[in-house]
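Next come the chains, spelled out residue by residue.
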Amino acid sequence: MEKKVILEASHISKTFFSSRGDMDAIEDVSLNVRKNEFLVLLGPGQCGKTVLLNIIAGLVNATSGTITLDGKPITGTNSSIAFVFQRTGLYEWKTAMENVEIGLKYKGVPKEERRKVAQKYLELVGLKGFENSYPKALSGGMKQRVGIARAYAANPEILLMDEPFGALDAQTRYSMQEEILKIWSQETRTVIFVTNNIEEAVYLGDRIIQFTERPARVKKEYDLSCLSRPRNYVDPEFLRIRTEISDNEELALE
Amino acid sequence: MKTKNNPLMENRSLPYKIFYYISPCLLLIAFLIFWQAVAASGRTLLPTPYEALERLFTIWTGTIAKKPMIYHVFMSVRRILTALLISIGVGVPFGVAMGWNKIFRAIFKPLFEVIRPVPPIAWVPLFTLWFGTGEGSRIMIIIMGVFMPIVVNSYTGVTMVPEINFDVGKVFGAKSMDMLFDVVLPSSLNAIFAGIRTAVGGGWMVVLASEMLAARSGIGYLIMQGSNANDLELAIVGMFMIGVLGAVFAYGFDFLERGLCPWRRK
Ligand SMILES: Nc1ncnc2c1ncn2[C@@H]1O[C@H](COP(=O)(O)OP(=O)(O)OP(=O)(O)O)[C@@H](O)[C@H]1O
Ligand SMILES: [Mg+2]
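Because the structure is predicted, anything quoted here is derived from the model rather than measured.

A. Broad picture of the overall build of chain A. Counting its secondary structure elements, chain A contains seven helices and 10 strands. Over its C-alpha trace chain A gives a radius of gyration of 18 Å, about what one expects of a compact globule, namely 18 Å for 254 residues. Summarising its shape, the C-alpha atoms of chain A cover approximately 55 × 45 × 40 Å along the three principal directions. Of the contacts formed within chain A by residues at least 6 apart in sequence, a portion of 69% connects residues at least 24 apart. Accessible surface, chain A: about 11400 Å² in total, of which carbon and sulfur atoms supply 48%.

As structure tokens, then:
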């Protein structure tokens, strides 16, 4: 299933310069993202995953290297790329509905039309009845759902998801994993999903790209197309891949 | 945000709770007894609490300096409200512009930092020279007192907007004006209101001072009258009115803030 490459990062490096010394966050990362795949970027905490997503989103400039989207280099933020932020980044002064609408609002879509679209995605993430709630009144899992609906409603080609379930309890996390796959199969888009959780990576990914400790370098790539969906956390093949990845991770600690 | 239950009250024994609610009343009673004792001793001009209270009721029927009491209250309220409205109308956009635009900040911040430490009352000679001794001059002095906290808080509010809010805006395509009105302003409303609250508190001080200096009306004038005519009851009634109006203003602006910021309601 060789699919078309939609986004290509080549030789991305990022160094933060400061008076207390320079800090390499990312070192020579090259990767391809294929259309409509679920790509997981797996890396240990603080290795530079968020920085890499910020570069792809056009929020941060790489020190060197280029990112191309459909063959064109990315210079700033771009309506083809939406972001589900690690700490939700919901606007607390807006209701769930108004948060989901912002992508369309800033594009100038008339109110009635964007209401309809936002309503559709709020329902898709299971938040019917919470349209008028403010983020403060929502649980952690519900906030991330709003964040996911907001990203989808902007109608991007690529969705970046930065550890969206990282702050959730185990139970909620499992159900959200299942749900994100359901949404992905209904609303086919390219997803780049960041996590530091190996089990989550194996459950979700078509492909996993594993990163080293900081500075992040590509360590290994795993093709999981052999694992059929829906996947089972205790399936022998699932467990084998999981162990293989975690063995690789541990090597880094030595 | 208020919690539903008073946290001090949780897991407390009943005697503690009784003490917690009774002690302020006891203090007030002790204060009144002390006041009564001093007044009754006859060695000062201090009226008794009862006399002061009686005056608080009868004062509304008489006149002071040929004007009814309500006129004096109205004049003070009008002065502070005029100054507040002008300062909010000019100060909030000014502070936001200073936080939002680097060039604007570079031009006005130094000037502002120089003017800021000057106490409002210090402007009296200049304003009297420029605007005379009338109402305009008084309002200008009050503005000098309330304008600063409003500008400073609006400015700080804008500079403290979390970076993530800008990132979200950029990712979802916010243009410059979207960013200002849809992101920066609502993010800083909290700080802006904090500035207004500070301004109201400081504003009453300046109103009083300006009325004590040169005015024929207002609560500050009443207090000065009380002092000049050895009518301490009048001065005490004036002090009491300031307390009441201060509380009314504080509640009023809280109410306004809750109306403008529905997301912060419980
Ligand atoms: N703007 C910045 N300036 C300086 N250093 C930064 C900046 N942004 C990130 N860093 C540093 O880069 C490193 C990588 O950060 P990043 O947030 O990408 O890690 P991460 O892999 O997303 O971690 P986590 O799993 O905890 O989310 C960290 O040490 C961080 O302190
Ligand atoms: Mg991160």
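B. Geometry of the interface of chain B and chain A. Each side of the interface is counted separately: chain B has 21 residues, and chain A has 21 residues. Buried surface at the junction of chain B and chain A, both sides included, amounts to about 1900 Å², of which 64% is carbon and sulfur. Of the charged contacts in the structure, one is a salt bridge between Asp182 of chain B and Lys105 of chain A, with a shortest N-O distance of 3.0 Å. For the interface between chain B and chain A, the tally reads nine residue pairs in polar contact (both at pLDDT 80 or more). Residue assignment for the side of chain B that touches chain A shows that the elements contributing at least two residues are helix H7 (163–171) and helix H8 (176–213) of chain B. The element that contributes the greatest number of residues to the side of chain B that touches chain A is H7 of chain B, accounting for seven residues. Of the residues that constitute the side of chain B that touches chain A, the class distribution is 10 nonpolar, four polar and seven charged.

C. Spotlight on the site of ligand 1. All names here are of chain A. Around ligand 1, the neighbouring residues are Phe16, Met23, Gly45, Gln46, Cys47, Gly48, Lys49, Thr50, Val51, Gln86, Glu163 and Arg214. The backbone of Gln46 places a nitrogen or oxygen atom 2.8 Å from an oxygen atom of ligand 1. Arg214 is positioned with one of its side-chain polar atoms (N or O) 2.9 Å from an oxygen atom of ligand 1. If you map ligand 1 onto the pockets, it falls in the largest pocket. When residues in the shell around ligand 1 are grouped by element, the largest group, three residues, is from helix H1 (residues 49–57).

D. Looking closely at the coordination of the magnesium ion (ligand 2). All names here are of chain A. Only Thr50 (OG1) and Gln86 (OE1) from the protein coordinate the magnesium ion (ligand 2), and they sit 1.9 to 2.3 Å from it. Here Thr50 is found in helix H1, whereas its partner Gln86 is found in the loop between strand E6 (81–84) and helix H2 (96–107), with 36 residues between them in sequence. Owing to a relative accessible area of 25%, Gln86 belongs among the partly exposed residues under this scheme.

E. Geometry of the pairing of strand E3 (residues 38–42) of chain A. Residues and elements named next belong to chain A. For E3, the buried fraction is high: five of the five residues fall into the buried class. Here E3 shows a buried face lined by Phe38, Val40 and Leu42 and a second buried face lined by Leu39 and Leu41. Pairing of E3 with strand E8 (residues 190–195), which is carried by five bridges, proceeds in the parallel orientation. Bridging from a neighbouring strand, Leu39 pairs with Ile192 of E8. Inspection of the sheet shows E3 paired to strand E9 (residues 207–211) by four bridges, in the parallel sense. Bridge pairing in E9 links Leu42 to Gln210.

F. How the structure looks around the layout of surface pockets. Size it by volume and the largest pocket reaches roughly 500 Å³. Around the largest pocket, the lining is made up of 23 residues, and of these Thr50, Val51, Gln86, Arg87 and Asp162 of chain A lie nearest the centre. Mapped by element, the contributors of at least two residues to the lining of the largest pocket are strand E2 (23–34) and H1 of chain A together with H7 of chain B. The element that contributes the greatest number of residues to the lining of the largest pocket is H1 of chain A, accounting for four residues. Grouping the amino acids of the lining of the largest pocket by side-chain chemistry returns nine nonpolar, seven polar and seven charged. In this model, the second largest pocket occupies a volume close to 390 Å³. Leu32, Trp35, Ala52, Ile236 and Phe240 of chain B are, among the 14 residues lining the second largest pocket, the residues nearest its centre. Listing elements by their share of the lining of the second largest pocket, those giving two or more residues are helix H1 (14–40), helix H2 (49–58) and helix H10 (232–260) of chain B. In terms of residue class, the lining of the second largest pocket is built from 14 nonpolar, no polar and no charged. Formed jointly, the lining of the second largest pocket draws a minimum of three residues from each of two domains, domain 1 (1–46) and domain 2 (49–264) of chain B.

G. Looking closely at the packing of aromatic side chains. Counted by the stated rule, this structure contains 22 aromatic pairs over all chains. Where Tyr121 of chain A meets Tyr152 of chain A, the ring centres are 6.1 Å apart and the plane angle is 15 degrees; that geometry is what we call stacked. Linking Tyr121 of chain A in helix H3 (residues 111–124) with Tyr152 of chain A in helix H4 (residues 140–153), this pair joins segments that are 31 residues apart in sequence. On the accessibility criterion, Tyr121 of chain A (5% relative accessible area) is buried. Taken together, a centroid distance of 5.4 Å and an interplanar angle of 15 degrees make the contact between Trp123 of chain B and Phe127 of chain B stacked.

H. Expanded view of the domain arrangement of chain B. Residues and elements named next belong to chain B. Annotation of chain B at the domain level lists domain 1 (1–46) and domain 2 (49–264). A straight line from the C-alpha centre of domain 1 to that of domain 2 covers 31 Å. Contact residues are listed per partner, giving six residues for domain 1 and six residues for domain 2. Of the roughly 600 Å² buried where domain 1 meets domain 2, counting both sides, 77% is carbon and sulfur surface. At the boundary of domain 1 and domain 2, one finds zero salt bridges. Linking domain 1 with domain 2 are zero residue pairs in polar contact (both at pLDDT 80 or more). When its residues are assigned to classes, the side of domain 1 that touches domain 2 shows five nonpolar, one polar and no charged.

I. Representation of the domain arrangement of chain A within the structure. Residue and element names in this part refer to chain A. Looking at the assigned domains, one finds that chain A contains domain 1 (1–80 + 158–254) and domain 2 (91–155). For domain 1 and domain 2, the distance between their C-alpha centroids amounts to 25 Å. With 17 residues of domain 1 in contact, the opposing surface of domain 2 contributes 14 residues. Summing the contributions of domain 1 and of domain 2, the shared interface buries around 1300 Å²; its carbon and sulfur component is 62%. Summed over the shared surface of domain 1 and domain 2, the result is two salt bridges. Among the salt bridges present, the one from Arg145 reaches Glu179, with a minimum N-O distance of 2.7 Å. For the pair domain 1 and domain 2, the number of links is five residue pairs in polar contact (both at pLDDT 80 or more). Listed by contribution, the elements that provide at least two residues to the side of domain 1 that touches domain 2 are strand E7 (158–162) and helix H5 (170–186). Here the side of domain 1 that touches domain 2 gets eight residues from one element, more than from any other, and that element is H5. Looking at the side of domain 1 that touches domain 2 residue by residue, the classes come out as 10 nonpolar, three polar and four charged.

Conventions and cut-offs
- All chains use their own residue numbering, which begins from 1 and follows the written sequence.
- Written order determines the labels here, with chains lettered from A and ligands numbered from 1.
- Side-chain atom pairs in this predicted model are given and counted only at pLDDT of 80 or more, local residue features only at pLDDT of at least 70, and totals for whole chains, interfaces and linings cover all residues.
- Calculation of side-chain values draws on the structure's entire complement of heavy atoms; hydrogens and water are dropped beforehand.
- Helix and strand definitions follow DSSP, with helices as H or I runs of at least four residues and strands as E runs of at least two, each counted in order from the N terminus.
- Radius of gyration here uses only the C-alpha atoms, and the compact-globule reference equals 2.2 Å multiplied by the residue count raised to the power 0.38.
- Note on definitions: a residue-residue contact is assigned when non-hydrogen atoms from the two residues lie within 4.5 Å.
- Surface accessibility follows the Shrake-Rupley procedure with a 1.4 Å probe radius. Residue values consider only the protein chains on display as shielding.
- By definition, the buried area sums, over both parts, the 1.4 Å-probe accessible area that each loses when the two are put together.
- One side-chain nitrogen of Lys or Arg within 4 Å of one carboxyl oxygen of Asp or Glu is enough to make a salt bridge.
- Definition of a polar contact: a pair of N or O atoms within 3.5 Å, with one able to donate and the other able to accept a hydrogen when the atoms are protein atoms, and with sequence-neighbouring residues admitted only if both atoms are side-chain atoms.
- As a working rule, the residues Ala, Val, Leu, Ile, Met, Phe, Trp, Tyr, Cys and Pro are called nonpolar, Asp, Glu, Lys and Arg charged, and the rest polar, with Gly in that last group.
- Note on terminology: near, applied to a residue and a molecule or strand, indicates that one of the residue's heavy atoms is within 4 Å of it.
- Computed over the protein atoms alone on a 1 Å grid, cavities are sets of points where a 1.4 Å probe fits but cannot get out and pockets are open sets with protein on both sides within 12 Å along at least five of seven lines; a residue lines them when it has an atom within 4 Å of a point.
- For a molecule to be placed in a cavity or pocket, more than half of its atoms must lie within 2 Å of the grid points of that cavity or pocket.
- Any N, O or S atom lying within 2.8 Å of the metal counts as a donor, and for Na, K and Ca the limit rises to 3.2 Å; water is left out, so some sites can look incomplete.
- Burial classification: accessible surface area is computed with a 1.4 Å probe over protein chains only, and a residue below 20% of its type maximum counts as buried, one above 50% as exposed, and the rest as partly exposed.
- If DSSP finds at least two bridges between two strands, the strands pair.
- Grid points are joined across faces, edges and corners, and a volume is the space filled by probe spheres set on the points.
- Delimitation of the domains relies on an automatic or database domain assignment.
- Pairs were defined over the aromatic rings of Phe, Tyr and Trp, the Trp ring being its six-membered one, requiring ring centres within 6.5 Å. Orientation was assigned from the angle between planes: stacked under 30 degrees, edge-to-face over 60, tilted for the rest.

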